[in-house]
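Chain and residue survey
This is what each chain is made of:
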Amino acid sequence: MPQRSTTTRLDALLGSHQPLIERLIERYGLPLHAIFLEELEENTRGFFDVLATRYTNSTVAFAVKSNPCRGAIRTAKRLGLGADVASEYELRAALEEGIAPSAIICNGNAKSNEYLDTALDAGALLALDNEVELEQLEDRAKRAGTGADVLTRFRGMPLSGLTAEDQTTAADWTKFGFHIDEAERLFARIASSDRLRFRGLSAHIGTQIADPNGYVLLFDHLFRLAEIAGGCGLDVESIDIGGGFPIAFFAGDEWADFASRLLARLRGEGPASEATTWNDLPMGYARAARGQASPRWVGKAYWSEYPAERMLDHVFSRRLGNGATILDRLTDIGSPRLIVEPGRSLMAPAGITLVRAAGVKTVLGHPVVSLDMGINNHGTNLISPDMFPAAVLPEREDDHPVDAFLAGRLCFSGDMVSKAKVRLNRLPSPGDRCVIYHTGAYSADHFASNSCGFPRPAKVAIRADGMAELWRAPETFADVFGDAADDLTIGDSPGA
Ligand SMILES: Cc1ncc(COP(=O)(O)O)c(C=O)c1O
């Protein structure tokens, strides 16, 4: 169960910016999403430092989807990051904020004409996803009298079981990219096009990839694809390995403790009172196959020996089947530009969510803390349950740690902010302020909605100079419901 040893830095920032945070809460209310820019800068520096010492021909492109707002993109530009964009909207914002088109990668499995046209006009890189898009893009480029700079995105690699199934994006069952078996035909087609300019290869294997073997396998495939491309007369100028760099939601021993307690429950050992997940959910454990003694962890892990840029650093030195390291192989194929697209690893550990406790109850003997929010403000849990450290503020001398589930206030049973028990410093009283850590990526935006009529809360960024930036204004009652005096009729009246 998540504890708090990974939150020391955020606690220090919370303490040092306390007066500002109080003013922000007064102004924008709770819940409040806050990003500490000092932390974001540190995380960005981590990637730049590794690349500066190991592989300079590189671009670090911030995955805008992890925190899609102008403030985040403006900060990315200031820090020297490029942008991985997923829609015409993210692309437009990245261009407006002055990110160089050559450092923008347009991803997506179903790009609109507007998206393609804006990318073409700006000269941004397009991660080509499928055959229909190829035809469409050629056509749009012809009409505009221009050419398109493309990376070809691939799937069909044996990469499942490295994170939650629905977050695996380069194995067989994914909607993204061309299958690797189509590579030769695809490359030949691009080579014969007078509109498509081949710039290189791309893939993104999923999010929170805690196991370095995922990246090693990915590189292995990309090197093979580079050979095939070369055989078709194409020069691989860039290799884009996507994002997915993991964060350590909590420390290694805490993770091991959580995993062993969960495993014990799944094996039917220990009483129900020791359940550590909601309804004894197996989280990332696959049920044991026939003949297997124990379930294996195959899902999204919440700890990695190689978080963030350390994953990249480690993978560079890993050896492939022929004994060459990944760095050696990159050199062998002409030192293409390496593009990485981190989102979670830059943003998540820089963010917190402040929220009031709404109440505490007991379900089957387990404490459940209800928060004055829901997974509409904390949406990653909709896809696969995340695990976030949390605490009740302020800490007190008489605190006694207690393990509790965190629920939201939405009117559906799946509205659990944490389906894994969280170790709190104490159970809160209604109205007490709580903090959830590492929520800077996806939590505030991915699937954020007005479920049950709740307005979406504010998102702010806290600067080192003691100033704050409003990254998203809080919605009001009127934003969601309009005004009682509003005329809701649209169109002409039938008699007119
Ligand atoms: C193409 C692509 N690149 C990068 C990312 C960012 O992934 P992460 O936030 O896990 O680093 C995503 C996330 O879905 C993605 O789809």
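Residues numbered from 1 in each chain as written. Predicted model: local features only at pLDDT ≥ 70, side-chain atom pairs only at ≥ 80, totals over all residues.

Points about the domain arrangement of the protein
The following threshold applies: Domain start and end points were adopted from an automatic or database domain assignment.
For the protein, the assigned domains are domain 1 (8–33 + 349–475), domain 2 (38–248 + 301–347) and domain 3 (252–297). The centre of domain 2, based on its C-alpha atoms, is set 35 Å off from the matching centre of domain 3.

As for the site of the ligand
The test is simple: As a rule, any residue with its backbone-derived C-beta atom within 6 Å of a molecule or strand is reported as near that molecule or strand. Any residue outside Ala, Val, Leu, Ile, Met, Phe, Trp, Tyr, Cys, Pro, Asp, Glu, Lys and Arg is labelled polar, Gly included; the first ten of those are nonpolar and the last four are charged.
In the vicinity of the ligand there are 18 residues, among which Ala63, Thr207, Gly243, Gly343 and Arg344 approach most closely. Here the shell around the ligand is built from residues that sort into 4 nonpolar, 10 polar and 4 charged.

Points about the environment of serine 451
To be explicit about the condition: Where helices and strands are cited, they refer to DSSP runs of H or I of at least four residues and of E of at least two residues respectively, numbered from the N terminus. Our contact criterion uses C-beta atoms placed from the backbone: two residues qualify when those atoms are within 7 Å.
Within the secondary structure, serine 451 is located in the loop between strand 18 (433–437) and strand 19 (458–462). As a C-alpha pair, serine 451 and leucine 338 span 113 residues in sequence and 41 Å in three-dimensional space. When residues no more than four places from it in sequence are discounted, the contact partners of serine 451 are Gly374, Asn376 and Leu410.

Here's the deal with the nonpolar core
As a reminder of what qualifies: Joining buried Ala, Val, Leu, Ile, Met, Phe, Trp, Tyr and Cys residues through C-beta atoms within 7 Å gives a set, and that set is a nonpolar core. Counting other C-beta atoms within 10 Å of its own, a residue is labelled buried from 20 upward, exposed at 12 or fewer, and partly exposed in the gap between, with every C-beta atom placed from the backbone.
Of all hydrophobic cores here, the largest spans 139 residues; its most connected members are Ala83, Ile104 and Cys106. Residues contacting cysteine 106, with those up to four places away along its chain left out, are Val85, Leu91, Lys111, Tyr115, Ala119, Ala124, Leu125, Leu126 and Ala127.

Brief notes about the pairing of strand 6 (residues 148–155)
Threshold: Two strands pair under a simple rule: DSSP has to find at least two bridges between them.
With respect to burial, strand 6 is a largely interior element, 8 of its 8 residues being buried. Residues Ala148, Val150, Thr152 and Phe154 point to one face of strand 6 and Asp149, Leu151, Arg153 and Arg155 to the other, with burial holding for every one of them. Looking at chain direction, strand 5 (residues 125–128) and strand 6 are connected through 3 bridges and run parallel. What sits directly across from leucine 126, in strand 6, is valine 150. Examined bridge by bridge, strand 6 and strand 8 (residues 196–202) share 6 bridges and lie parallel to one another. Note that in strand 8 the partner of valine 150 across the bridge is phenylalanine 198. Bridging between strand 6 and strand 7 (residues 178–179) involves 2 bridges; their strand directions are parallel. Looking at the pairing, phenylalanine 154 lines up with phenylalanine 178 of strand 7.

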